[in-house]
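Secondary and tertiary structure notes
Here's the letter readout for the chains.
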Amino acid sequence: MHNAPMKILIVEDDLSIAEQISLALSAEHFVIEVSNTGIDAIKLERYFEPDLVILDLGLPDIDGTEVLAKLRAAKKTVPVLVLTARADIESKVSALDLGADDYLAKPFEMLELVARIRAITRRMGQAVSSVMEYGDVALDTAAHTLKVGDVTMDISPREFAILRDLLQNIGRVRTRASLEEAIYSWDKEVSSNAIEVHLSHLRKKLPKDFIKTIRGVGYTVNSQQG
Amino acid sequence: MYSLSRLVFSLLMVVLVIGNFYAAFSGYRQGLDIAEDMLAERLRQKHQLLVGEMQEHGVEVDHPFVEETLYQFYKHDEVQFASKNAKESIWLAPQPGLNFVAFEGYRWRSYSVDVEGGTLLVAERYDTYINVLEKLLVSAVLPLVWMIPLIAIAILLIIRIGLKPLTNMAKALSTRSDTDFSPIVIERPTRELAVVIQSLNHLLAKLGAAFDREQRFASYAAHELRSPVTSMKLSLHNLATSPLLSENSSYQTLQLNVERMQNTIEQLLLLAKIGDEQAMASRESLSLQDVLAELIAGMYSRIETRQQSIELCSDEHHLTANRFALEGALSNLLDNAIKYTPPGGQILVSVKQRHQAIDIVVEDSGPGIPGQDRARVFERFYRVGADRHNSGVKGTGLGLSIVAQCLFIHGGDIQLSRSDTLGGLCVRMTLPQEVKV
């Protein structure tokens, strides 16, 4: 993990929104820089070197998707979180296709924005530390080991895939279908029944009620465990 | 409402029947008059012939007329000579000239004129003559009557051909959808219709433009409102860092209303989009279980904050539907259940197959809706008890209109009742499994 405060570039033409986001994020101890146009944003990115870009798609000069495309064309790997008033699936898909890391539709909750930023940070941090932590649970994604409290134990590839997916999506419910997709790379033939089998094995290794079941819907990491 | 073609047809038929019968009748009458004249002329000629013969051959004449003709020559009431069929009886013509006389039980037409030395009477059977003539006349006049049905068919065809442009237009108008404002095109319109079509097209264009404006306005306004609402929400979040403010009741009212405004904007956008027929025409096969699971997963943070429990009870059910409309409707049903169920309450979502239809049932342990209010729920902007119900939630009233629009698009049905299992509201949405495109 970085020890220096995280730098965030906010690209947003609506001054009041930009101001409120920077106020809130400053309170979370992030270092903020704001740009109101796309061209400024590209220039600013070069010397500010942010750890994260919050990018509004509806900009007055060039479209947000173009800013994103330019950043990616310049081999910039900085994570980009896209904000937009366009909530349709097409703009979401095109933003993600262009290399956005996450997507938030306006109007959003500040808490949700902060949660998404933390999720992106976690994914970034993973590259450095390779350990995902939540409460008493720590999953080592390099060694494929699970540590609960002080006890380290082995974990099967499928259980690992499920737990990693759940830990990557703290605060969100993962439907059975999306969990199946997540462990597809580990197992070519997953039946939903198998998911439940793996989950029950996994549950025995985790603290009680660490994974919460929403019957018929899916699973989530219990927020009270954090 | 009367039919134009029927009216024209009946009027024409009345005129035709009366005219034809009048023509037939007067033809018959005229024919009879002519026949009478002809008979009189013939009697006169026969009389003349007999007189000539009398003068040539002396007094007694024996002319071989056919049965239907007879003659008598008499003087001072005494028959001097007569044709064979008249010899036996003696009868008198009442006066000179043309007369009707009865003889041997038949009706005769007689012609008597005084000649030298007496009176010569010639008579012909009137009844047989007239019978033959009547037959002749009737056979001449009857075709006029027989023609009536043929003419009727012809009139019918002519009316149909004549009204074709009108019926074409009626068809073109009745088959178009409510939101189709494209100009009416009729091949080879008549001069009379062209005017109508032109003014109709003018109206349609105006209406279409107004409709477009309304559609665009709702979506544009809502989009434009999203940014200020976002700003307001973020400001509220930042203000909440000061406990002095966040505990103030004015702050809480503000927060509640910003949320309400956000909700209204989203519903208006959804309704504007669902109202767009072109966008709603596309269909895809959807797994209801997946769709519902995703929707519930997306709303779970709200359910969790309200400490409610939710359960989805569904097997694999596939449905051909418009994803956007279906998701809009389902999320509104779920949203209502979350809103109206008090904290700690229960929500149960279940999917059941029924013949060619699928039931999606959302039940909750909330206050429910009293029976008399259930029917009014689907009126736009109507809210139960004008929001005085104890859930303390302000709704936009738009949500169920979105549900109703989705049902309209898919040809579905909705029923509100009391939940037997949870005691609150039970909403049963029924959709056909295969929706016609």
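We now turn to the structure provided with this report. Because the structure is predicted, anything quoted here is derived from the model rather than measured.

Section: the interface of chain A and chain B
With 28 residues of chain A in contact, the opposing surface of chain B contributes 24 residues. Taking both sides of the interface into account, the surface hidden between chain A and chain B amounts to around 2,300 Å²; carbon and sulfur atoms contribute 58%. The three residues of chain A that bury the most area against chain B are A:Gln20, A:Pro107 and A:Arg215, which together make up 23% of that side's buried surface. For the pair chain A and chain B, the number of links is 3 salt bridges. In this structure, the salt-bridge partner of B:Glu304 is A:Lys212, at a minimum N-O distance of 3.6 Å. At the surface where chain A touches chain B, the tally comes to 8 residue pairs in polar contact (both at pLDDT 80 or more). At the level of elements, helix H1 (15–27), helix H5 (110–129), helix H7 (176–182) and strand E11 (211–214) of chain A are the ones that each hand at least two residues to the side of chain A that touches chain B. It is H1(A) that provides the largest number of residues to the side of chain A that touches chain B, a total of 6 residues. When the residues that make up the side of chain A that touches chain B are grouped by side-chain class, the tally is 14 nonpolar, 7 polar and 7 charged.

With respect to a negative patch on the surface
Side chains of A:Glu181, B:Asp290, B:Glu294, B:Asp315 and B:Glu316 sit close together on the surface and give a patch of like negative charge. Along the polypeptide, B:Glu316 turns up in the loop between strand E7 (309–313) and strand E8 (318–321).

Looking at the sheet that holds strand E9 (residues 151–154) of chain A
Paired through their backbone hydrogen bonds, the strands of a sheet run either parallel or antiparallel. Residues and elements named next belong to chain A. The sheet built from 4 strands is open, its strands ordered E6-E7-E8-E9 with antiparallel pairing. The strands lining the two open edges of the sheet, one partner per strand, are strand E6 (131–134) and E9. Geometrically, the sheet is characterised by an average inter-axis angle of 20° between neighbouring strands, direction not taken into account. With 4 bridges joining them, strand E7 (residues 137–140) and strand E8 (residues 145–148) adopt antiparallel strand pairing. Within E8, the residue paired with Leu139 across the bridge is Leu146. Relative to the sheet, helix H6 (residues 157–168) contacts E6, E7 and E8, its axis offset from that of E7 by approximately 120°.

Topic: the pattern of salt bridges
Opposite charge on two side chains permits pairing when their charged atoms draw close. Residues and elements named next belong to chain A. Counting across every chain of the model gives 27 salt bridges over all chains. Here Lys205 and Glu159 are joined by a salt bridge, their closest N and O atoms 2.6 Å apart. In this pair, Lys205 sits in helix H8 (residues 192–205) while Glu159 sits in helix H6, placing the two residues 46 residues apart along the sequence. Here Lys205 falls in the partly exposed class, since its relative accessible area comes to 24%.

Side note on H1(A)
Residues lying three or four places apart along an α-helix face the same way, a consequence of the helix completing one turn every 3.6 residues. Over its 13 residues, H1(A) runs 18 Å from end to end, which matches the ideal 18 Å to within 8%, given 1.5 Å per residue. Immediately beyond the C-terminal end of H1(A), within one or two residues, lies A:His29, with a positive phi of roughly 70°.

Cut-off values and rules
- Residues numbered from 1 in each chain as written.
- Chains lettered and ligands numbered in written order.
- Predicted model: local features only at pLDDT ≥ 70, side-chain atom pairs only at ≥ 80, totals over all residues.
- Heavy atoms only, no water.
- Contact = heavy atoms within 4.5 Å.
- Buried area = accessible area lost by both parts, 1.4 Å probe.
- Salt bridge = Lys/Arg side-chain N within 4 Å of Asp/Glu carboxyl O.
- Polar contact = N/O pair within 3.5 Å; in protein donor to acceptor, adjacent residues only side chain to side chain.
- Helix = DSSP H or I, 4+ residues; strand = E, 2+ residues; numbered from the N terminus.
- Nonpolar A, V, L, I, M, F, W, Y, C, P; charged D, E, K, R; others polar.
- Patch = residues over 30% accessible without salt bridge, like charges linked within 9 Å, V, L, I, M, F, W, Y side chains within 5 Å.
- Areas by Shrake-Rupley, 256 points an atom, 1.4 Å probe, with all protein chains shown as cover.
- Lys, Arg positive; Asp, Glu negative; His and termini not counted.
- Charge placed at Lys NZ, Arg CZ, Asp CG, Glu CD.
- Pairing = 2+ DSSP bridges.
- Axes fitted to C-alpha atoms, helices over the stretch in contact; angles between N-to-C directions.
- Buried < 20%, exposed > 50% of the residue type's maximum accessible area, 1.4 Å probe, protein only.
- Expected span 1.5 Å × (residues − 1).

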